[in-house]
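# Inside the fold
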Amino acid sequence: MSAFRFRLGAVLGINQTLSWGMTFYLPAIVAAPVATSFGQSGFSVLGAFSWALLVTGGCAPRVGKWIDHHGGRGALLASIVVMALGLAVLAASNGLAVWYLGWTIIGVGMSMGLYDAAFATVGGLLGKEAGPSITGITLVAGFASSVFWTLGAALIGALDWRGLLLAYAALMLLVNLPMVWLLVPPAPPRPPQDAAIADLPRSPTQTHALWLLGAFFALRWFITSAIAVHALPLLQGVGLTAAEAVGIAALIGPGQVAGRILEYAIGPRVDLFIKARLAALLFPLGAALLLFGGPVAATAFALLYGMSNGVMTINRGTLPLALFGPDGYARTLGLLAVPVLLAQATAPTIAAPLVAALPALDVLLICGAGAAVAVLFLLPLRLPAD
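Here we summarise the structure given alongside this text.

## What to know about the environment of Val11
Examined against the element boundaries, Val11 turns out to sit in helix α1 (residues 2-21). A relative accessible area of 7% places Val11 in the buried class. For the pair Val11 and Phe377, spaced 366 residues apart in sequence, the C-alpha separation works out to 33 Å. With residues near it in sequence (within four places) discarded, Val11 still touches Met179, Leu183 and Val184.

## Remarks on helix α6 (residues 115-126)
With 12 residues, α6 ought to run about 16 Å at 1.5 Å a step, and its terminal C-alpha atoms sit 16 Å apart, in line with that. Most of α6 is tucked away, with 11 of its 12 residues classed as buried. Along α6, the residues that are buried comprise Tyr115, Asp116, Ala117, Ala118, Phe119, Ala120, Thr121, Val122, Gly123, Leu125 and Leu126. Note on α6: the residue one or two positions beyond its end, Gly127, has a positive phi of about 65°.

## Concerning a nonpolar patch on the surface
A contiguous nonpolar patch, built from Val81, Leu173, Leu174 and Val175 and spanning about 350 Å² of accessible area, is present on the exposed surface. Element by element, the count of residues in the nonpolar patch is highest for helix α8 (residues 144-183), at 3 residues. Take Val81: it is sitting in helix α4 (residues 72-92). Residue Val81 is classed as partly exposed on the basis of its relative accessible area, which comes to 43%.

## Thoughts on the environment of Thr241
Relative to the assigned elements, Thr241 resides in the loop between α10 (204-237) and α11 (242-249). On the accessibility criterion, Thr241 (43% relative accessible area) is partly exposed. Put simply, Thr241 and Ala91 are 150 residues apart on the chain and 37 Å apart in space, counted from C-alpha to C-alpha.

## Details of unusual backbone geometry
Even without a glycine there, the phi angle at Asp160 is positive, about 70°. Within the fold, Asp160 resides in helix α8. Classification of Asp160 as partly exposed rests on a relative accessible area of 42%.

## Focus: the pattern of salt bridges
On inspection of all chains with the given rule, the structure shows 2 salt bridges. For the salt bridge of Glu263 with Lys275, the shortest nitrogen-to-oxygen distance reads 3.1 Å. Within this pair, whereas Glu263 is found in helix α12 (residues 252-266), its partner Lys275 is found in helix α13 (residues 272-289), the two being separated by 12 residues in sequence.

Thresholds applied
Residues numbered from 1 in each chain as written. Predicted model: local features only at pLDDT ≥ 70, side-chain atom pairs only at ≥ 80, totals over all residues. Heavy atoms only, no water. Helix = DSSP H or I, 4+ residues; strand = E, 2+ residues; numbered from the N terminus. Buried < 20%, exposed > 50% of the residue type's maximum accessible area, 1.4 Å probe, protein only. Contact = heavy atoms within 4.5 Å. Expected span 1.5 Å × (residues − 1). Patch = residues over 30% accessible without salt bridge, like charges linked within 9 Å, V, L, I, M, F, W, Y side chains within 5 Å. Areas by Shrake-Rupley, 256 points an atom, 1.4 Å probe, with all protein chains shown as cover. Salt bridge = Lys/Arg side-chain N within 4 Å of Asp/Glu carboxyl O.

And the structure:
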């Protein structure tokens, strides 16, 4: 079983690297040349991505319910085809209308094929033993931005943005699709009574726990999304040069991977909720270190912030599974995805006036304080008695 868990985590980790890299991390590469080609502002072009996140959030609960009844493999396979279609539509677009249509299609595909669907696939195959595989998925997929920002920057000059999008669509269909088809097994058939249990209303205690978990993830992802868009000007605003800001911002990704490796190494020896709370506190701790000023403090912030985010991604899969069990797991992930994706879609716009009005250090300290408040939502949560 351990070999199967390892292989499943590795395969879905590669799947998630490809799916995230060619959708979620795509705008950073193509937004500027597309805006130039269309004669539109970067804001209007990037608005399609925010719209896609809202579409993803709107579809997520229904997708989760479908996965609970049929397993996640079919959703992952369908997502790859849908995302490839969306990429092809983007490549054919000559204005904002078709550009937004393409991102609408990709938004539907992302609801069926990113972390929530992968976690639900593992949960359907492994039940409560899915934790290590979920960690493995996020560990591999933690390199998605680094790989595809580098690959996209290298290819777009030779292929143009349209050629890059078509190349990504081909990569989806020729690599991602057969890999999932051949190496991810279908979930075993579910007894009718299990499917009925997954659709039952939750108890008041479970509903309360779901609200607390949703509030934690929504607040943290709102803050993280706001920082992600404004990271470089904020770091320069605390006294770093442009080169120092770029170098230190680049450490956030390795920090995420380091956090996931540490979580994997600790494994079941530490209570799941203790690990989650300690990891969540790394962000406000890193923000507080910025008060000391200078590149060393900023480096510590970037690494601690990255570690906290890396473990939080794992927790998005493991905490709901531990709290509510495998029955209705995909539906639970779909419900939790709604506030998270809404936060991701709106945070950059809502945070922009705050970033413009306040000193950078104040903004980052406010973000750290918000992350500390988010930890409070985790405190009442306890593992259910067996």
